[in-house]
Amino acid sequence: MTSPQRWTFGDVSMQRVIESETPLLSPFEIFPDCTQAHLDANRDWLVPRFQNAADGLLTITIQSFLLRRNGLTILVDSCSGNDKETRARPQFRHAQWPWLDRLAEAGVRPEDIDIVLCSHLHVDHVGWNTRLDNGRWVPTFPNARYLISQREWDYWQAVGAAGLQRAGDYITDSVLPVFESGQAELVGDEHAVAASISVEPAPGHTPGQMMVRLGSGREQAILSADLMHHPLQVRYPDWSTRFCADPVQARTTRRNFFNAHAGTGRLIFPAHFPSPTGGTIERDGTDFGFKFCGEEHACFGHRHG
Ligand SMILES: [Zn+2]
């Protein structure tokens, strides 16, 4: 895999640390509103980059974002992790990803991470919070504080085992150990992590989901977590996923976000968009498009603009 590009927003540098980038989910599994007619109408831009021709699965990237500012090293989200047992989805069970090697390629050892910022507590965002050590799950980043939204944590405690049936119980092996080690730190909906790195709420997909805003002034970017999972949701902003805790709120949050950022040139990094992940939201009449960094046109809409 080619080494992902490095970005700078003000005094914050950012790199992606990819765990996997592969066709993963059926569009009909993730989007209840999706029909074959929708896919046929968008086939010219979807296939093969965003949808695999052979099996129709959507390409989903699972990655972390590594931030560095003035000696501070922050990891936003930690993918699905290795050696996990209690996972419903085969891709996440007993995995052996070379993710720590990729972190090392970025010049970072686990002990160098000062802060792990969990955008939300889903299975594909908390995996490397822990690693298996002599049969025990221990924090992968021994010197890190793990920032978790208070609202998010309250939700997962309230839903209990019922909320984990679909994915398997990842809370026990990937979240509880960082509480037991005293490294978890619960934060409010709007929290300044450091100068020019702050979180803001993006409720719906999960109640306490947080986006991360980087930089200041004109040099700003937003790590938008799972506000959208695939470019199809820019084409169809009303599509929430089957994995959204509150699909109606997720739709409202997404529409408000598109209206706020379309046409601003601000770089948006949705957690699961394929490489290069980052891009701008473009307005096309009443529709929206997504223009990936370094590309001349939005992948749909604004074709000739
Ligand atoms: Zn996710």
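Look above for the structure.
Here we summarise the structure given alongside this text.

**Here's the deal with the sheet that holds strand S9 (residues 184-187)**
Taken in spatial order, the seven strands make up an open sheet running S1-S2-S3-S4-S5-S8-S9, and their pairing is mixed. Because the sheet does not close on itself, it has two edges, and the strands there are strand S1 (6-9) and S9. Here the average twist between neighbouring strands, direction ignored, is 25°. Relative to strand S2 (residues 12-25), S1 is paired through four bridges, and the arrangement is antiparallel. Paired with Arg-6 across the strands is Gln-15, a residue of S2. This element, helix H5 (residues 150-159), spans strand S8 (145-149) and S9 of the sheet and lies at about 75° to S8.

**Describing helix H9 (residues 247-261)**
With 15 residues, H9 ought to run about 21 Å at 1.5 Å a step, and its terminal C-alpha atoms sit 21 Å apart, in line with that. Elements in contact with the buried residues of H9: strand S12 (210-216), strand S13 (219-225), helix H8 (232-235), strand S14 (267-270), strand S15 (279-284) and strand S16 (287-292). Just downstream of H9, Gly-263 is the residue with a positive phi angle, here 75°.

**Quick word on the pairing of strand S7 (residues 136-139)**
Here four bridges tie strand S6 (residues 130-133) to S7, and the two strands are oriented antiparallel to one another. The residue of S7 that forms the bridge with Asp-133 is Arg-136. Connecting S6 to the antiparallel partner S7 that follows it, the hairpin turn spans two residues, and Asn-134 within it adopts a positive phi of roughly 50°.

**A short note on the layout of surface pockets**
The calculated volume of the largest pocket comes to roughly 260 Å³. Of all the elements in the fold, those that place two or more residues in the lining of the largest pocket are S2 and strand S3 (58-69). In the lining of the largest pocket, the residues fall into 10 nonpolar, four polar and four charged.

**Side note on the environment of Thr-86**
The topology assignment puts Thr-86 in the loop between strand S4 (72-76) and helix H4 (99-105). A residue is classified by how much of its surface remains accessible, and Thr-86, at 40% relative accessible area, is partly exposed. When the C-alpha atoms of Thr-86 and Arg-251 are compared, they prove to be 30 Å apart, with 165 residues separating the residues in sequence. Those residues in contact with Thr-86 that sit more than four places away from it in its chain are Ala-167, Gly-168, Asp-169 and Asp-173. Within the local environment of Thr-86, its side chain forms a polar contact with the backbone oxygen of Asp-169, the two atoms lying 2.9 Å apart. At a separation of 3.5 Å, a polar atom in the side chain of Thr-86 contacts the side chain of Asp-173.

**Thoughts on the coordination of the zinc ion**
Within the first shell, the zinc ion binds the protein through Asp-124 (OD), His-125 (NE2), Asp-226 (OD) and His-272 (NE2), at distances of 2.1 to 2.3 Å. For the zinc ion, the four donor atoms are set out with angles of 82 to 170° between them, so the coordination reads as irregular. Mapping the donors of the zinc ion onto the primary sequence gives the spacing D-H-x100-D-x45-H. Of the two residues, His-125 is situated in the loop between strand S5 (115-117) and S6 and His-272 in the loop between S14 and S15; the sequence distance between them amounts to 147 residues. For His-125, a relative accessible area of 2% puts it in the buried group.

**Topic: the packing of aromatic side chains**
In this description, an aromatic ring pair is defined by two values, namely the gap between the centres and the angle between the planes. Per the stated rule, a full pass over the model turns up 19 aromatic pairs. With centroids separated by 6.5 Å and ring planes inclined at 10°, the aromatic side chains of Trp-7 and Phe-9 adopt a geometry described as stacked. In this structure, Trp-7 and Phe-9 share a single accessibility class: buried. On the numbers, 5.0 Å between centres and 80° between planes, the contact of Tyr-155 with Trp-156 is edge-to-face. Given the relative accessible area of 7%, Trp-156 is considered buried.

**Let's talk about empty space enclosed by the protein**
Under the definition given, this model contains two cavities of 30 Å³ or more. A volume near 40 Å³ is recorded for the largest cavity. Around the largest cavity sit Phe-65, Val-76, Asp-77, Ser-119, Met-210, Val-212, Leu-223, Ser-224, Ala-225, Phe-269 and Ala-271, which together line it. Of all elements in the fold, only S12 and S13 reach the threshold of two or more residues within the lining of the largest cavity. Grouping the amino acids of the lining of the largest cavity by side-chain chemistry returns eight nonpolar, two polar and one charged. Estimated volume of the second largest cavity: approximately 30 Å³. Along its surface, the second largest cavity is lined by Ala-202, Pro-203, Gly-204, His-205, Gln-209, Asp-226, Leu-227, Ala-250, Thr-253 and Arg-254.

**Focus on the side chain of Gln-63**
Relative to the elements of secondary structure, Gln-63 occurs in strand S3. Within the structure, the side chain of Gln-63 is placed 2.8 Å from the backbone oxygen of Ala-271, a separation counted as a polar contact.

Rules behind the numbers
Residues numbered from 1 in each chain as written. Predicted model: local features only at pLDDT ≥ 70, side-chain atom pairs only at ≥ 80, totals over all residues. Heavy atoms only, no water. Pairing = 2+ DSSP bridges. Helix = DSSP H or I, 4+ residues; strand = E, 2+ residues; numbered from the N terminus. Axes fitted to C-alpha atoms, helices over the stretch in contact; angles between N-to-C directions. Contact = heavy atoms within 4.5 Å. Expected span 1.5 Å × (residues − 1). 1 Å grid on protein atoms, 1.4 Å probe; cavity = no way out; pocket = protein on both sides within 12 Å on 5 of 7 lines; lining within 4 Å. Points joined across faces, edges and corners; volume = space filled by probe spheres on them. Nonpolar A, V, L, I, M, F, W, Y, C, P; charged D, E, K, R; others polar. Buried < 20%, exposed > 50% of the residue type's maximum accessible area, 1.4 Å probe, protein only. Polar contact = N/O pair within 3.5 Å; in protein donor to acceptor, adjacent residues only side chain to side chain. Donors = N, O, S within 2.8 Å, 3.2 Å for Na, K, Ca; no water. Tetrahedral: all angles 85-135°; square planar, octahedral: opposite > 155°, others 65-115°. Phe/Tyr/Trp six-rings, centres within 6.5 Å; stacked < 30°, edge-to-face > 60°.

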